[in-house]
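Survey of secondary and tertiary structure
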Amino acid sequence: MENPIKTLIETEFGFRLNQNQWRDIECLLLEIMRRDRSSPEEIVKYLKEKSRAQKHCGREKFFYLKKTLIEKRFPLTSATAKIGAKDLFLPKQRPALADNWQTQKIFKPLKIFIEKSVKDSELAADFKKHFPGVAVEEIDQYGSYLKKEKFNLGLLKKPLAFIVKEGWDFIKPCPCTSGHLGCGYWILNLGFGCPFDCSYCFLQIYTNFPGIILPANLDDFFTQFDTFHKKLQAPIRLGTGEFCDSLALDHITGYSRKLIPYFRDKNVIFELKTKSNNIKNLLEINPPANIVISWSLNPQPLITVEEISVADLAQRLEAAKQIQDKGYKIGFHFDPVIFYPGWQDAYKELIRLLYSRLKPPFAWISIGTLRGTRELKIASQLRFPQSDIFYGELLPGEDKKLRYPQFLRKEIYKNMVQWIRRYDKQTPVYLCMENADNWRVIGDGFSAPGKIEQYLIKC
Ligand code: SF4
């Protein structure tokens with residue numbers, strides 16, 4: 001059956017679109033309609049006013065329509081540069097997944113799978129105690145689950161817990177992204193999967209496993225780290241929170257109760273990064289000077305739509321206050337900063353709120369703008385029909401990820417740093433996955449990852 005929007009365009013502009021032409025036009029049209037909440041008739045009216053398509057014939061009509069749609073879809077970039085076909089990523093619009101597991105504010109597994117090798121572990125016992133009545137199954141290896149149950153994206157957030165004996169390396173350097181300046185961060189892999197659900201989360205494309213995988217063999221990590229630590233020439237920054245939220249399940253796993261005492265006398269700055277207010281365990285620990293507890297922040301309207309089941313902004317700030325009052329060092333991450341109409345007022349207010357509640361200086365503040373692979377955009381489209389952040393001014397960047405254009409990122413960083421510096425001259429501010437040019441917003445001399453690392457560690 002003929003697509004009614006295609007028919008409308010063909011009728012109004014008096015020509016037939018071939019299959020390839022329609023694919024381009026359709027993607028642009030649907031993304032604009034979704035972003036602007038506009039109707040096909042409104043866009044046709046716009047095209048009649050703005051494009052010169054009607055004055056031309058045949059193939060030329062198509063070029064003028066496409067050019068006008070590209071300008072409407074990416075108005076800021078179009079105003080500064082010509083956007084070629086290769087600069088675009090316009091995936092076919094797909095309907096949202098009909099079956100997509102939703103997270104709940106309080107995580108409760110449907111079933112707990114425990115690898116036989118850790119069946120007597122403390123973590124297995126804690127899970128059973130915390131969730132009496134939830135079915136438990138002993139398995140040889142968590143990977144064998146996939147032999148019985150096929151994975152699809154809709155199952156990503158199915159509330160399953162896997163208690164495992166982790167065999168691979170617990171610690172690795174953060175890969176950052178190609179062609180950008182890293183900050184020398186190290187990642188501690190403590191679990192995979194998250195009870196929260198953020199529309200921009202890269203886990204949506206990074207995993208083919210449902211639920212949450214949690215290692216029960218922390219002692220093996222400590223042995224591994226003892227060896228690694230002996231070789232360290234200088235302190236490093238290290239943290240969990242890459243493949244899960246550091247504290248979301250801490251009331252069950254109790255990881256913080258083990259990690260903080262372990263790192264207390266190590267030559268590292270250890271960070272727990274969260275979007276939760278799950279701080280009860282932390283409040284019962286005497287805070288060492290080399291531990292940083294940090295929160296990712298966004299304006300509340302964005303949290304409501306894009307970060308599902310996480311703590312509200314007010315709850316995160318309240319948790320940060322209690323943690324700071326307890327004597328911990330705290331940090332913040334404005335990541336991802338999302339560009340949308342009104343972003344300036346929203347982020348300015350967010351920064352004002354932060355400094356009205358918490359006392360600087362902080363251990364650090366990072367800023368990163370929205371980015372993600374092409375696959376992430378597709379996954380987010382399928383799982384978050386209410387979200388339109390991927391219909392923003394995102395184009396494939398130097399590292400092939402979808403990013404805001406360079407000039408826009410620079411403007412965002414400049415503004416964010418300026419707003420932060422109004423309240424706080426001391427806290428080191430750094431950029432996440434950014435290029436040397438954007439780093440100039442922070443200051444001169446940040447041309448290599450080593451320099452960034454020194455700057456953050458010294459502070
Ligand atoms: S809190 Fe982090 S790990 Fe969890 S869903 Fe959000 S972005 Fe992903």
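One numbering rule holds for all chains: residues counted from 1, following each sequence as written. With pLDDT at 70 or above as the cut-off, local features in this predicted model cover only qualifying residues; side-chain atom pairs require 80 or more to be listed or tallied, and sums for whole chains, interfaces and linings still use all residues. Based on all heavy atoms of the structure, the side-chain values leave hydrogens and waters out of the count.

**Concerning helix 14 (residues 313-326)**
For helix 14, which comprises 14 residues, the first-to-last C-alpha distance of 20 Å matches the rise-based estimate of 20 Å (1.5 Å per residue) to within 8%. Each residue is placed in one exposure class: buried if its accessible area under a 1.4 Å probe, protein chains only, is under 20% of its type's maximum, exposed if it is over 50%, and partly exposed if it falls in between. Only DSSP runs of H or I covering at least 4 residues are called helices, and only runs of E covering at least 2 are called strands; the numbering of each starts at the N terminus. All buried positions along helix 14 are accounted for by Leu313, Arg316, Leu317, Ala319, Ala320, Ile323 and Gln324. Take helix 14 and look down its axis: the buried residues cluster within an arc of 160 degrees, on one side only. Elements in contact with the buried residues of helix 14: helix 12 (280-283), strand 10 (291-296), helix 13 (300-306), strand 11 (307-308), strand 12 (329-337) and helix 15 (343-357). Glycine 327 sits one or two positions beyond helix 14 and adopts a positive phi of about 115 degrees. By this rule, a helix spans an expected 1.5 Å times one less than how many residues it contains. Throughout, the arc means that of the directions going from the helix axis to the C-beta atoms. Contact definition: two residues touch when any of their heavy atoms are within 4.5 Å.

**Here's the deal with the pattern of salt bridges**
The salt bridge definition used is simple: a Lys or Arg side-chain nitrogen within 4 Å of an Asp or Glu carboxyl oxygen. Scanning the model with the defined rule gives 35 salt bridges in all. Of the charged contacts, one joins arginine 16 and glutamate 2 as a salt bridge, the two residues approaching to 3.9 Å between their closest N and O atoms. With arginine 16 in the loop between helix 1 (4-13) and helix 2 (19-36) and glutamate 2 in the segment before helix 1, this pair connects stretches of sequence that are 14 residues apart. On the accessibility criterion, glutamate 2 (39% relative accessible area) is partly exposed. Across the salt bridge formed by arginine 357 and glutamate 318, the nearest N and O atoms sit 2.6 Å from each other. One end of the pair, arginine 357, is in helix 15; the other, glutamate 318, is in helix 14, and 39 residues separate them in sequence. Linked through salt bridges whose partners overlap, the residues forming this network are Glu398, Asp399, Arg403, Arg409 and Glu434.

**So, the domain arrangement of the chain**
Once the domains are mapped, the chain shows domain 1 (4-87) and domain 2 (169-458). Computed over C-alpha atoms, the centres of domain 1 and domain 2 are 39 Å apart. Taken together, the 13 residues of domain 1 in the interface contact 18 residues of domain 2. Approximately 1,200 Å² of surface area, both sides summed, lies buried where domain 1 meets domain 2, with 50% of it carried by carbon and sulfur atoms. Counting the contacts that link domain 1 with domain 2 gives two salt bridges. Among the ionic pairs, aspartate 388 bridges to arginine 37, the shortest N-O distance being 3.2 Å. Distance and chemistry together define a polar contact, namely a pair of N or O atoms within 3.5 Å, with one atom able to donate a hydrogen and the other to accept it when in protein, and with adjacent residues in sequence counting only for side-chain atoms on both sides. Between the two partners, domain 1 and domain 2, sit nine residue pairs in polar contact (both at pLDDT 80 or more). Considering every element that reaches the side of domain 1 that touches domain 2, the biggest residue donor is helix 5 (residues 75-80), with five residues. Where each domain begins and ends is defined by an automated method or by a domain database. Summed over both partners, the accessible surface that disappears when two parts come together, traced with a 1.4 Å probe, is what is meant by buried area.

**Comments concerning unusual backbone geometry**
At the junction of aspartate 335 and proline 336, the peptide bond is cis and its omega measures out at 5 degrees in the coordinates. Positive phi is not limited to glycine here, since lysine 400 has a value of about 75 degrees. Position of lysine 400 relative to the elements: it lies in the loop between strand 15 (395-396) and strand 16 (402-403). Classification of lysine 400 by relative accessible area gives exposed; the value is 58%. Of note, the phi angle at methionine 433 is positive, near 55 degrees, even though the residue is not glycine. When you line up the elements, methionine 433 lands in the loop between strand 17 (429-431) and helix 18 (436-439).

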